[in-house]
Amino acid sequence: MGRTGARRRSKDAEFLELVSGHTGRLYRSACLLTGGDTHQAEDLVQEALGRMYVLWRRKAWTGGRHRIDNPGAYAHTVMVRVFLAQKRRRSSDERPTDQLPESVGREPDGALRLTLLDALARLSVQDRAVLVLRYWEDRSVEETAEALRLSSGAVRTRTSRALARLRGQLGDSLAELAAR
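Residues numbered from 1 in each chain as written. Predicted model: local features only at pLDDT ≥ 70, side-chain atom pairs only at ≥ 80, totals over all residues. Heavy atoms only, no water.

**Here we look at the overall build of the protein**
In terms of helices and strands, the protein carries eight helices and zero strands. Burial status across the protein gives 34% buried among its 180 residues. Carbon and sulfur atoms make up 49% of the accessible area of the protein, which amounts to about 11,800 Å² in all. (Helix = DSSP H or I, 4+ residues; strand = E, 2+ residues; numbered from the N terminus. Buried < 20%, exposed > 50% of the residue type's maximum accessible area, 1.4 Å probe, protein only. Areas by Shrake-Rupley, 256 points an atom, 1.4 Å probe, with all protein chains shown as cover.)

Spelled out as structure tokens, the structure:
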């Protein structure tokens, strides 16, 4: 058990280093994906890191044929895939309603941020995922296509249409908020 235990502790230490270095970015991206719902964002990050840990323990990430050059980007990819999978299947305890829940207290200086989050939340989950990966995570078309399992052309088309929808929703309000 000496060598196996030492390897396991080494893998755990590497994973903890990954988590401590990337959790903030994962959480910020998750907030955008969930339309500003911080509770869902926390759950999404936790689910993604849980899946990463299972894979991390099973495979040799630091060498061999399972090497990943950028584990942080891979963690983001796992998180986006978890988000899309969750949105594809609708929970049996969710019920549509015509009543909105009470608003959560927001930062007083975040009018622009709130406007953008609200507009993002009104986009489809696929459109939101494309925009978050392309513009928040600053990923290339090819990286986004790989993460979402789409073709590069589909990513370009979806990006263009999602930006048009976002502009249509925001109208002149974005320029007014940005000028303040």
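**Looking at the pattern of salt bridges**
Counted according to the given criterion, the structure contains five salt bridges. One salt bridge in this structure joins Glu47 and Arg51, with 2.8 Å as the shortest N-O distance. Here the residue Glu47 and the residue Arg51 both occupy positions in helix α2 (residues 38–58), the gap between them amounting to four residues, near one helical turn. On the basis of relative accessibility, which here comes to 32%, the residue Glu47 falls in the partly exposed class. In this structure, Asp127 and Arg158 form a salt bridge, with 2.8 Å as the shortest nitrogen-oxygen distance. Residue Asp127 is located in helix α5 (residues 125–136), and its partner Arg158 is located in helix α7 (residues 152–170); the two are separated by 31 residues in the primary sequence. The partly exposed category is assigned to Arg158, whose relative accessible area is 29%. (Salt bridge = Lys/Arg side-chain N within 4 Å of Asp/Glu carboxyl O.)

**Observations concerning the confidence of the model for the protein**
Per-residue pLDDT for the protein has a mean of 80; in total, 74% of the residues score no lower than 70. Of all the helices and strands in the protein, helix α8 (residues 173–179) carries the lowest mean pLDDT, 60, while helix α6 (residues 141–148) carries the highest, 92. (pLDDT = per-residue confidence, 0-100.)

**Considerations on the nonpolar core**
Judged by nonpolar contacts, the single largest core of 39 residues is most densely connected at Leu33, Leu44, Met52, Met79, Val80 and Leu148. Of all elements in the fold, only α1 (2–33), α2, α3 (71–88), α4 (111–121), α5, α6 and α7 reach the threshold of two or more residues within this core. Examining the composition of this core, we find that eight residues originate from one element, α1, more than from any other. Excluding residues within four positions of it along the chain, Val80 makes contact with Leu33, Ala129, Leu133 and Leu148. (Core = buried A, V, L, I, M, F, W, Y, C linked by side-chain atoms within 4.5 Å. Contact = heavy atoms within 4.5 Å.)

**Observations regarding the environment of Val80**
Topologically, Val80 is positioned in helix α3. Judged by relative accessible area, which is 2%, Val80 ranks as buried. Sequence spacing of Val80 and Val45 is 35 residues, and the spatial spacing of their C-alpha atoms is 9.7 Å.

**Brief notes about α2**
Helix length check: α2 (21 residues) gives 30 Å between terminal C-alpha atoms against 30 Å at 1.5 Å per residue, within 8%. Those residues of α2 that fall on the buried side of the exposure criterion are Ala41, Leu44, Val45, Ala48, Leu49, Met52, Leu55 and Trp56. An end-on view of α2 places all buried positions within 125° of arc, on one side of the element. In α2, the exposed residues that point more than 90 degrees away from the buried face are His39, Gln46 and Arg58. The N-cap of α2, judged by a side-chain oxygen 3.1 Å from the amide nitrogen of His39 a few residues on, is Asp37. (Expected span 1.5 Å × (residues − 1). Arc of directions from axis to C-beta. Polar contact = N/O pair within 3.5 Å; in protein donor to acceptor, adjacent residues only side chain to side chain.)

**With respect to unusual backbone geometry**
You will see that Asp138, though not glycine, has its phi angle at about 55°, which is positive. With relative accessibility at 64%, the residue Asp138 sits in the exposed group. Of note in this structure, Arg149 is not a glycine but carries a positive phi near 60°. On the accessibility criterion, Arg149 (63% relative accessible area) is exposed.

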